[in-house]
Amino acid sequence: MKTALTIAGSDSSGGAGIQADLKTMTMNGVYAMSAITALTAQNTTGVRAVEETAPDFLRQQIDAVFEDIFPDAVKIGMVASCELIRVIADRLRFYKARNVVVDPVMVATSGSALIKSDAVQTLTEELLPLATVVTPNIPEAEILSGMRIGNAEEMVKATERIGSNHHCAVLLKGGHSVNDANDLLWADGEITWFEGKRIDNPNTHGTGCTLSSAIAANLAKGFTLAESVRRAKEYISGALAAMLDLGKGAGPMMHNFDLKSRFAEEA
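Calculation notes
Residues numbered from 1 in each chain as written. Predicted model: local features only at pLDDT ≥ 70, side-chain atom pairs only at ≥ 80, totals over all residues. Heavy atoms only, no water. Pairing = 2+ DSSP bridges. Helix = DSSP H or I, 4+ residues; strand = E, 2+ residues; numbered from the N terminus. Contact = heavy atoms within 4.5 Å. Axes fitted to C-alpha atoms, helices over the stretch in contact; angles between N-to-C directions. Patch = residues over 30% accessible without salt bridge, like charges linked within 9 Å, V, L, I, M, F, W, Y side chains within 5 Å. Areas by Shrake-Rupley, 256 points an atom, 1.4 Å probe, with all protein chains shown as cover. Salt bridge = Lys/Arg side-chain N within 4 Å of Asp/Glu carboxyl O. Buried < 20%, exposed > 50% of the residue type's maximum accessible area, 1.4 Å probe, protein only. Right-handed = clockwise from strand over helix to strand, strands pointing away. Phe/Tyr/Trp six-rings, centres within 6.5 Å; stacked < 30°, edge-to-face > 60°. Core = buried A, V, L, I, M, F, W, Y, C linked by side-chain atoms within 4.5 Å.

Give me the sheet that holds strand S1 (residues 3-11): which residues, what numbers.
Taken together, 9 strands build an open sheet; the order of strands is S3-S2-S1-S4-S5-S6-S7-S8-S9 and the sheet is mixed. Looking at strand neighbours, the two that pair on one side only are strand S3 (46-52) and strand S9 (190-194), the edges of this open sheet. Sheet analysis places S1 next to strand S2 (residues 31-43), joined by 9 bridges and oriented parallel. Bridge pairing links Leu5 to Met33 in S2. Strand contacts of helix H3 (residues 82-95): S1, S2, S3, strand S4 (73-76) and strand S5 (100-102), with the helix running at about 170° to S4, the strand carrying the most contacts. Packing against the sheet, helix H7 (residues 207-220) makes contact with S1, S4, S5, strand S6 (133-134), strand S7 (169-172) and strand S8 (183-187), and its axis sits at approximately 170° to S4.

Explain a nonpolar patch on the surface to me, and be specific about the residues and the numbers.
On the surface, Met1, Tyr31 and Ile69 cluster together to form a nonpolar patch covering roughly 350 Å² of accessible area. Summarising the element assignment, Met1 is placed in the segment before S1.

Explain the pattern of salt bridges to me, using residue names and the numbers behind them.
Counted under the stated rule, the structure contains 13 salt bridges. A salt bridge links Asp103 to Lys173; the nearest nitrogen and oxygen atoms lie 3.7 Å apart. Here Asp103, found in the loop between S5 and helix H4 (119-126), pairs with Lys173, found in the loop between S7 and S8; they are 70 residues apart in sequence, far enough to count as distant. Summarising the burial analysis for this pair, Asp103 and Lys173 share the class buried. Across the pair Glu153 and Lys157 runs a salt bridge, and its minimum N-O distance is 3.6 Å. Of this pair, Glu153 and Lys157 both sit in helix H6 (residues 152-166), 4 residues apart, which is roughly one turn of that helix. For Lys157, a relative accessible area of 45% puts it in the partly exposed group. Several salt bridges share partner residues, and in doing so they unite Arg59, Asp63, Asp90 and Arg91 into one network.

Explain the pairing of S2 to me, and be specific about the residues and the numbers.
Along any regular strand the residues' side chains alternate between the sheet's two faces. In terms of handedness, the path from S1 via helix H1 (residues 17-27) over to S2 forms a crossover that is right-handed. Taken together, the 6 bridges between S2 and S3 define a ladder with antiparallel strand orientation. Pairing of Thr40 across the sheet is with Val50, part of S3. What sits between the antiparallel neighbours S2 and S3 is a turn of 2 residues.

Run through the environment of Gly29, naming residues and quoting values.
The topology assignment puts Gly29 in the loop between H1 and S2. Owing to a relative accessible area of 38%, Gly29 belongs among the partly exposed residues under this scheme. With 205 residues separating them in the primary sequence, Gly29 and Glu234 have C-alpha atoms 15 Å apart.

Can you lay out the packing of aromatic side chains for me, pointing to particular residues and giving the numbers?
On inspection of all chains with the given rule, the structure shows 4 aromatic pairs. Ring plane angle 85° and centroid distance 5.0 Å describe the contact between Phe66 and Phe70, whose orientation is recorded as edge-to-face. A residue is classified by how much of its surface remains accessible, and Phe66, at 4% relative accessible area, is buried. Accessibility expressed as a relative area gives 30% for Phe70, which makes it partly exposed. With centroids separated by 4.9 Å and ring planes inclined at 90°, the aromatic side chains of Phe94 and Tyr95 adopt a geometry described as edge-to-face.

Which residues make up the nonpolar core, and what values do they have?
Ile7, Val74, Ile76, Ile88 and Leu92 are the most contacted members of the largest nonpolar core, which has 42 residues in total. Examining the composition of this core, we find that 8 residues originate from one element, H3, more than from any other. Ignoring any residue separated from it by four or fewer positions in sequence, one finds Ile76 in contact with Ile7, Ile88, Leu92, Val100, Val101, Val102, Asp103 and Leu127. Counting residues in each nonpolar core, the second largest holds 26 residues, with Ala4, Ala73, Ala239 and Leu240 among its members.

None of the figures reported here should be taken as evidence of function without further support.
Right, dumping it as structure tokens:
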């Protein structure tokens, strides 16, 4: 069985972060493992508190995984500080990690900031050059590219700038009133558009975590980057279309919408 490691923060409400990653990787057919960068007290309405993992303890988590069950892919999510980013980059280089997907989590769906301002530069310098693909949304891509993105043409320019500067593929997620749900992949100078159908579901907590984890799972299984993106988008569309409605804010998706096992049957 193929394996994947998520290095990210914990979401106590289960819809995003480590919890969403583990669910997504499992549903996409790989053995999921985790290294936790932070504990968060959060729910669908917002983030109440964040407790970062000590850098040395994060290092030990990553070492424990790589030394025993070497991951076929690595997804990196919420990493709030420079020290933690440097630990991750150091261990990925040491182990020559493959199929690295970086989701540059900067702001939660609720609007809460999830990364310190000085850590953005460290992330771009240390992690993006190690990435197979980075998966920013429009606001994150504006930060990474240093330019405003208001239409499809500017999406293309931003992905080219990010990818060329950091020598990695870029999947720029649409939405945010730019082009509905169409995503743009820039890889080795080539542009591929992935058209999406916007699903009228306000419960989008953890969509970025879910998409990047599904991409990592498919890369681990040997699919090309473009096919991994296509399969991941199909999975997330199914999870949104299931119309799970939990919580008082932007609720989670139904990650297990396609679970058919008799063990998953309701009582």
